[in-house]
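# Structural characterization, general
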Amino acid sequence: MARRTKEDAVATRNALLDAAEQVFLAQGVSQSSLAAIAKQAGATRGAVYWHFKDKLDLFNAMIDRVTMPLDQVMYGGVGQFAGAAPLPRMCRVMYLLLNGLVTDDRIRRVFTIMMHRVEFVGELAALQIRHTSSLNDFTRQLALDFAAVAEQEGLTLNYPPQLLATGLRSLLDGLMHSWLMGVEGFDLEKDGFAAIQVYLVGAGLPQAAVRAAFEEALSVPSPLPGAARVPCGYMDR
């Protein structure tokens, strides 16, 4: 009986997280109530408070359900690309982010909520600290990879690694924002990969090395559901 109760609790928690995705997406985070989320999940408001302290706790759990697996397969030191050379690893990160948005409904919903349905005010002000910290960590890792690529390839980058990392993160952010807003005539994977490759070559990386790194990165099947092989970018044209 205890085992069944534990399984039921896990199922209820997941149902609440699923409902939060739907309600936050439809109404925006600040306009969503825990009562509405409970109703969407077919649960009681008491069930919400059994699993989560408040709306902020529920929101963070919803984000963690998507970002923690992504972090593990990208920079968490586990998965198929753990220990890869820096340039293929960078390209793998770009692939997982863009391909994940296109092929995984949950990733797409959660990123849409984070980018377009949150106001960092009131009880949600703490989310901005988390968001900024995550972006800073990601940028630092990109800067380390740019420096490692330069050392490995024996070349001088056209700009400092930190500046290149900030630019690449901003490019990714812009690509994802635009695609999630529904910009017409824009293929996030094909056009996104092309833009990233143009950026990396402009940063001072050899075109042949960039192409080879993308081919290596895309040759490893994505651990995300629904992922498919896509053209490498402008170098395939």
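Residues numbered from 1 in each chain as written. Predicted model: local features only at pLDDT ≥ 70, side-chain atom pairs only at ≥ 80, totals over all residues. Heavy atoms only, no water.

## Focus on the overall build of the protein chain
Put simply, the rule reads: Counting from the N terminus, the helices are the DSSP runs of H or I reaching at least four residues and the strands are the DSSP runs of E reaching at least two. Exposure classes here rest on a 1.4 Å probe applied to the protein chains alone. A residue is buried below 20% of its type maximum, exposed above 50%, and partly exposed in between. For this analysis, residues touch if any pair of their heavy atoms sits within 4.5 Å. Using a 1.4 Å probe, accessible areas were evaluated by the Shrake-Rupley method; residue-level cover was limited to the displayed protein chains.
If you tally the helices and strands in the protein chain, you get ten helices and zero strands. When the helices and strands of the protein chain are listed from N to C terminus, the series reads α-α-α-α-α-α-α-α-α-α. Every one of the 237 residues in the protein chain was classed for burial, and the buried ones make up 42%. Counted over contacts in the protein chain with a minimum sequence separation of 6, partners at least 24 positions apart contribute 72%. Roughly 11800 Å² of accessible area belongs to the protein chain as shown, and the carbon and sulfur atoms make up 54% of that amount.

## Some words on the layout of surface pockets
Unoccupied space between atoms shows up once a probe the size of one water molecule is rolled over them. Where we set the bar: Both site types are read off a 1 Å grid over the protein atoms alone. A 1.4 Å probe that fits but cannot get out defines a cavity, while an open set with protein on both sides within 12 Å along at least five of seven lines defines a pocket; lining residues have an atom within 4 Å of a point. Grid points are joined across faces, edges and corners, and a volume is the space filled by probe spheres set on the points. Note that Gly is not counted as nonpolar here; it falls among the polar residues with everything else outside the nonpolar set of Ala, Val, Leu, Ile, Met, Phe, Trp, Tyr, Cys and Pro and the charged set of Asp, Glu, Lys and Arg.
In this structure, the largest pocket encloses a volume near 720 Å³. Every residue lining the largest pocket is counted, 24 residues in all, and those nearest its centre are T67, D71, S134, L135 and F138. Put simply, the parts of the chain that give the lining of the largest pocket at least two residues each are helix 4 (55-74), helix 6 (105-116), helix 7 (125-153) and helix 8 (161-180). Broken down by element, the lining of the largest pocket gets its largest block of residues, seven residues, from helix 7. Grouping the constituent residues of the lining of the largest pocket by class yields 16 nonpolar, three polar and five charged.

## Description of helix 7
Convention followed: One less than the residue count of a helix, multiplied by 1.5 Å, gives the span that helix is expected to have.
In this model helix 7 runs 43 Å from its N-terminal to its C-terminal C-alpha over 29 residues, within 8% of the 42 Å that 1.5 Å per residue would give. Among all positions of helix 7, only L127, F138, T139, L142, A143, D145, F146, V149 and A150 are buried. G154 sits one or two positions beyond helix 7 and adopts a positive phi of about 65°.

## Considering the packing of helix 8 against helix 9 (residues 188-202)
Condition: Orientation is described by axes fitted as lines to C-alpha atoms, over the contacting stretch for helices, and by angles from 0 to 180 degrees between their N-to-C directions. Just so you know how the angles are binned, under 35 degrees is roughly parallel, over 145 roughly antiparallel, 65 to 115 roughly perpendicular, and the rest oblique. Helix crossings get a hand from a simple test, with the near helix turned counterclockwise from the far one by less than a right angle marking a left-handed crossing and a clockwise turn marking a right-handed one.
One way to put it is that helix 8 packs onto helix 9 with a least axis distance of 11 Å and a crossing angle of 165°. Classified by the angle between their axes, helix 8 and helix 9 sit roughly antiparallel to one another. For the pair helix 8 and helix 9, the crossing hand works out as right-handed. Every residue of helix 9 that contacts helix 8 at L163, L164, G167, L168, L171, L172, L175, M176 and W179 is listed here: L188, G192, A195, I196, Y199 and L200. Grouping the amino acids of the contact of helix 8 with helix 9 by side-chain chemistry returns 13 nonpolar, two polar and no charged.

## Topic: the environment of L144
As for its position among the elements, L144 is in helix 7. Separated by 17 residues in the primary sequence, L144 and P161 place their C-alpha atoms 7.3 Å from one another.

## Some points on the pattern of salt bridges
Note the threshold: Each salt bridge in this description consists of a side-chain nitrogen of Lys or Arg and a carboxyl oxygen of Asp or Glu lying within 4 Å of one another.
Summed over all chains, the structure comprises ten salt bridges. We note a salt bridge from R89 to D145, for which the minimum N-O separation is 2.5 Å. One end of the pair, R89, is in helix 5 (residues 86-103); the other, D145, is in helix 7, and 56 residues separate them in sequence. Across the pair, D145 and R89 agree in class, each one buried. The closest approach of N and O atoms between R108 and D105, which form a salt bridge, is 2.3 Å. Here the residue R108 and the residue D105 both occupy positions in helix 6, the gap between them amounting to three residues, near one helical turn. Residue R108 is classed as partly exposed on the basis of its relative accessible area of 24%.

## Here we look at helix 9
End to end, helix 9 covers 20 Å across 15 residues, agreeing with the expected 21 Å (1.5 Å per residue, within 8%). Within the span of helix 9, buried status applies to L188, E189, G192, F193, A194, I196, Q197 and L200. Next to the buried residues of helix 9 lie helix 5, helix 7, helix 8 and helix 10 (207-219). The first or second residue beyond helix 9 is G204, which carries a positive phi of 115°.

Function cannot be inferred from these measures alone, as they are strictly geometric.
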